[in-house]
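The primary structure of each chain is shown beneath.
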Amino acid sequence: HGKDSFSEALDFFPENEFENYEIDLYIDRLHTLKKRLDIPVIASLNGISRGGWLGYAKTLQDEGADAIELNIYFPAVDPDVDAATIEKEYLDVIGSVRKEISIPMAVKIAPYFTALPNFVKNAGREGAQSVTLFNRLYQPDIDLEKLEWVSRLYKSSGYDFSRTLRAVAMLYDEKGPQLCASGGIRSGLDIVKAVMAGATATAVATVLYEKGVAHAATMLQEAIQWMEENEYESFDQMRGSISYRRSPNPAALERANYVELLHHNDWRIL
């Protein structure tokens, strides 16, 4: 700010050198991962402008990403903008990027949709091959010493997983986008639950920071052991086996579970 106010300051920050600094670092990391790993590398993209979404998506594809996950979040802060308008922004981005790239594309969204099944269905129509549930946003707090907003990073928990599990079970549809369960997954049994609800993949982060990357293998082995003990031959066999699609009336199922909770829970804090 103010760098153009005085002639002697005009060349302190030349635009041609710093304009793409962050994307250059990201691409360098992408190249490094591609050289060192045998598994697919999925690039995450969070854009603002239409040109940014399209340009960077194409760049990441050209630089070797095996897939792209669009990390979309448009804050609903204007009371004059309705839900349909905001959802249209999401869908426009999804459709535009899909036309620009040929590699697989996933969409990571926050849980703040009134009619989530309808949105996911429309996202699939626009070209999203997978939907990641859910994006965990940085939550604000107030610093009472400085009297200003600050951001906090909270670890995922069982509450996050419960919300994700419900959404996956509700959204599972063999003809719709694949579902990736994200948030609060800590064990192999959580993986089993996610797959039974309908997930094709699970995303794990917090527990790996706590226990190390090698814990991923432990989780997978725990899931496989449970499957063998319960005579499941594959993840595909059990995928969606307890999704809402198995219920003739999903709304009645949710209501019944709620009533059961009120009648029989002793209300101890979990």
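Higher on the page you've got the structure.
Conventions and cut-offs
- Residues numbered from 1 in each chain as written.
- Predicted model: local features only at pLDDT ≥ 70, side-chain atom pairs only at ≥ 80, totals over all residues.
- Heavy atoms only, no water.
- Helix = DSSP H or I, 4+ residues; strand = E, 2+ residues; numbered from the N terminus.
- Buried < 20%, exposed > 50% of the residue type's maximum accessible area, 1.4 Å probe, protein only.
- Polar contact = N/O pair within 3.5 Å; in protein donor to acceptor, adjacent residues only side chain to side chain.
- Phe/Tyr/Trp six-rings, centres within 6.5 Å; stacked < 30°, edge-to-face > 60°.
- Arc of directions from axis to C-beta.
- Contact = heavy atoms within 4.5 Å.
- Salt bridge = Lys/Arg side-chain N within 4 Å of Asp/Glu carboxyl O.
- Axes fitted to C-alpha atoms, helices over the stretch in contact; angles between N-to-C directions.
- Parallel < 35°, antiparallel > 145°, perpendicular 65-115°, else oblique.

Caption draft 1: Seen up close, the side chain of Ser130. Mapping Ser130 onto the fold places it in strand E4 (residues 130–133). Of the residues examined, Ser130 reaches a relative accessible area of 15% and is grouped as buried. For Ser130, the side chain forms a polar contact with the main-chain oxygen of Gln178, separated by 3.4 Å.

Caption draft 2: Here's a closer look at the packing of aromatic side chains. Under the definition given, this model contains five aromatic pairs. Judged by centre distance (5.6 Å) and plane angle (85 degrees), the rings of Tyr90 and Phe119 are edge-to-face. Of this pair, Tyr90 sits in helix H4 (residues 83–100) while Phe119 is found in helix H5 (residues 116–125), placing the two residues 29 residues apart along the sequence. You'll find Tyr90 and Phe119 in the same group, each marked buried. One aromatic cluster is present, built from ring pairs that chain together Phe74, Tyr90, Phe113 and Phe119.

Caption draft 3: Focus on H5. Within H5, the full set of buried residues consists of Leu116, Phe119, Val120, Asn122 and Ala123. Mapping the buried residues of H5 onto a view down its axis gives an arc of 165 degrees, with all of them on the same face. On its buried side, H5 packs onto H4, strand E3 (105–109), E4 and helix H6 (158–171). Gly127 sits one or two residues past H5 and shows a positive phi near 120 degrees.

Caption draft 4: Up close: the pattern of salt bridges. By the definition in use, this model includes ten salt bridges. Of the charged contacts, one joins Lys88 and Asp92 as a salt bridge, the two residues approaching to 2.9 Å between their closest N and O atoms. Within this pair, Lys88 and its partner Asp92 are both found in helix H4, separated by four residues, close to a single helical turn. Judged by relative accessible area, which is 29%, Asp92 ranks as partly exposed.

Caption draft 5: Seen up close, the packing of H6 against helix H7 (residues 188–197). Between H6 and H7, the shortest axis-to-axis distance is 8 Å and the interhelical angle comes to 25 degrees. Comparing the axis directions of H6 and H7 gives the class roughly parallel. In this structure, H6 contributes Phe161, Leu165, Val168 and Ala169 to the contact, and H7 contributes Asp190, Lys193, Ala194 and Ala197.

From the geometry alone we can't say anything about function, so treat these as descriptive.
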